[in-house]
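The lines below spell out each chain.
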Amino acid sequence: MLWSLIKIVLFVCIVAAAALGAGALLETDGGMRVEFVGTEYSLGPLETVVALIALVFTVWVFLKLLGLLVSVWKFLNGDETAFSRHFERNRQAKGYDALAEGMMALASGEGRTALAKAAKAEKYLNKPELTNLLTAQAAELSGDRKKAEETYRKLVSNDATRFVGVRGIMKQKLADGDTEMALKLAEKAFSLKPKHEDTQDVLLKLQAQSQDWTGARETLNAKLKHGNLPRDVHKRRDAVLALSEARKVFGANQTIESREAAIEANRLSPDLIPAAVMAAHGYVEQGQKKYATRVIQKAWDVSPHPDLTAAYATIEFDEEPKARLKRFTTLTKGQSKHSESRMLMAELHMANEDFPEARRALGDLFETDPTARSATLMAAIERGEGAGDTVVKGWLARALSLPRGPQWICGNCQHIHSEWAPMCENCDSFDTLSWKSPPQSEVAMPSGLLMLPLIVGTASENSTDVSVIEDAKIVEDEV
């Protein structure tokens, strides 16, 4: 748009300058006298300009004829290609000019003009490896998808342009939503140019979408090898892929393989919460409770999370409330001020029927970080201390209007997930989910009070008031 405006302004300036110059010449006295073969010619100012233009044109024609005569002379002296080279130079000049104009039109967003210039360049140059790419891109810009695909297929047939052709068709398939064919084309493009960063990214995303975790890990290693990914980011994403691989194996009920893959994922990234949970379950199945405890403790010290609490509870599932309280105190010691630790300890004290201590554990959390979970805990504490139904229902009513608290949120599109996943279900971005509070509260995950049976035990094993827990669960479903 800007270039077109500049060209229009230049054209107007040139026309204006020519008009002013012509007017000045007409008003100028004198001229030029030329003597030729004894005859003298007097030319006015305007006639002088016309004569100079005619002279320049005559010189240009003379030089062209001279070049042609030189080619004829060389041909008569035995150079059989002299004629063809002479005309070939002219054709190439026109072809390269058309090619340059086509590239300028493409950059300016003029698809139809670029397509016409590409056809003209192909006519004069006869070099499809140069003109086909311009033709394909111009066809795409002008909306001619069929022409673009035909041209990309021509590029595929040439060894020098095969990668460009494969990548062009791959992008078309992605735009059409044909991810299966796009994945095959991405694999082909990757085999042709394994160092190409954009191809690596596309292939990795398609492999993750199709749950080809093994292939995705190989692509990720290639990104690290060729310097397209920092080592720390590679370590984290490799852990995510290893965890996804473990979950897939776990779904196939191959527990030995799943345990090994989960432990590997946890080793690669100890702070990855789902990996820590799955590794802990694997250790528990093996009877290695010490290792399971160590895995949960390490992840908790980085980021306390309800899933870690649930996994930690399964290590000693049938223990008494007092013993569980003592064991969990060790877990939360390093993050005792964290909101998750404070709510956890409040739940454990309630399980031990020590409601005043539960209130002290919760402290001023509701004032500093009010959430639906902390409000329902306050309702449970009030009920345990003998408060009336009005007080308890007041807390539960407040919980209805409060935010849910941290959830799994995509850092790319802010979509909330009910559980962790390697890819965002909304925007298909890879490894973008993090545990944080959303900007605006939405309910997406059943955590908090639904965890109470895991921590406290079944209702028959303790005398905690069941009615408040049931009321709290109703609140969780209504928020």
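Residues numbered from 1 in each chain as written. Predicted model: local features only at pLDDT ≥ 70, side-chain atom pairs only at ≥ 80, totals over all residues. Heavy atoms only, no water.

(A) Structural context of helix H17 (residues 339–351). For H17, spanning 13 residues, the distance from its first C-alpha to its last is 18 Å, which sits close to the expected 18 Å at 1.5 Å a residue. Here H17 has its buried residues at Glu340, Ser341, Arg342, Met343, Leu344, Met345, Ala346, Glu347, Leu348, His349, Met350 and Ala351. Just past H17, the residue Glu353 takes up positive phi, approximately 60°. (Helix = DSSP H or I, 4+ residues; strand = E, 2+ residues; numbered from the N terminus. Expected span 1.5 Å × (residues − 1). Buried < 20%, exposed > 50% of the residue type's maximum accessible area, 1.4 Å probe, protein only.)

(B) Structural view of the nonpolar core. Ranked by size, the top nonpolar core spans 70 residues in total, and within it Leu308 and Leu362 carry the most contacts. At 8 residues, helix H13 (residues 273–285) tops the list of elements feeding residues into this core. Judged by nonpolar contacts, the second largest core, of 23 residues, contains Ala138, Val166, Ile169 and Ala189. (Core = buried A, V, L, I, M, F, W, Y, C linked by side-chain atoms within 4.5 Å.)

(C) Molecular detail of the packing of aromatic side chains. Taken as a whole, this structure holds 4 aromatic pairs when the rule is applied. Between the aromatic rings of Tyr312 and Phe328, the centroid separation amounts to 4.9 Å while the plane-to-plane angle is 85°, which identifies the pairing as edge-to-face. Of this pair, Tyr312 sits in helix H15 (residues 306–315) while Phe328 sits in helix H16 (residues 321–332); the two residues are 16 residues apart in sequence, bridging distant segments of the chain. For the pair Tyr312 and Phe328, a shared accessibility class is recorded, and that class is buried. Ring geometry for Trp408 against Trp435: centres 5.4 Å apart, planes inclined by 65°, an arrangement best described as edge-to-face. Placement of Trp408 in strand E3 (residues 407–410) and of Trp435 in strand E5 (residues 433–436) is noted, with a sequence separation of 27 residues between them. This pair shows no difference in class: Trp408 is buried, exactly as Trp435 is. Here Arg327 stacks its cationic end above the ring of Tyr312, 4.6 Å away from the centre of that ring. Taking NZ or CZ as reference, Arg398 lies 4.7 Å from the ring centre of Trp395, over its face. (Phe/Tyr/Trp six-rings, centres within 6.5 Å; stacked < 30°, edge-to-face > 60°. Lys NZ or Arg CZ within 6 Å of the ring centre and 35° of its normal.)

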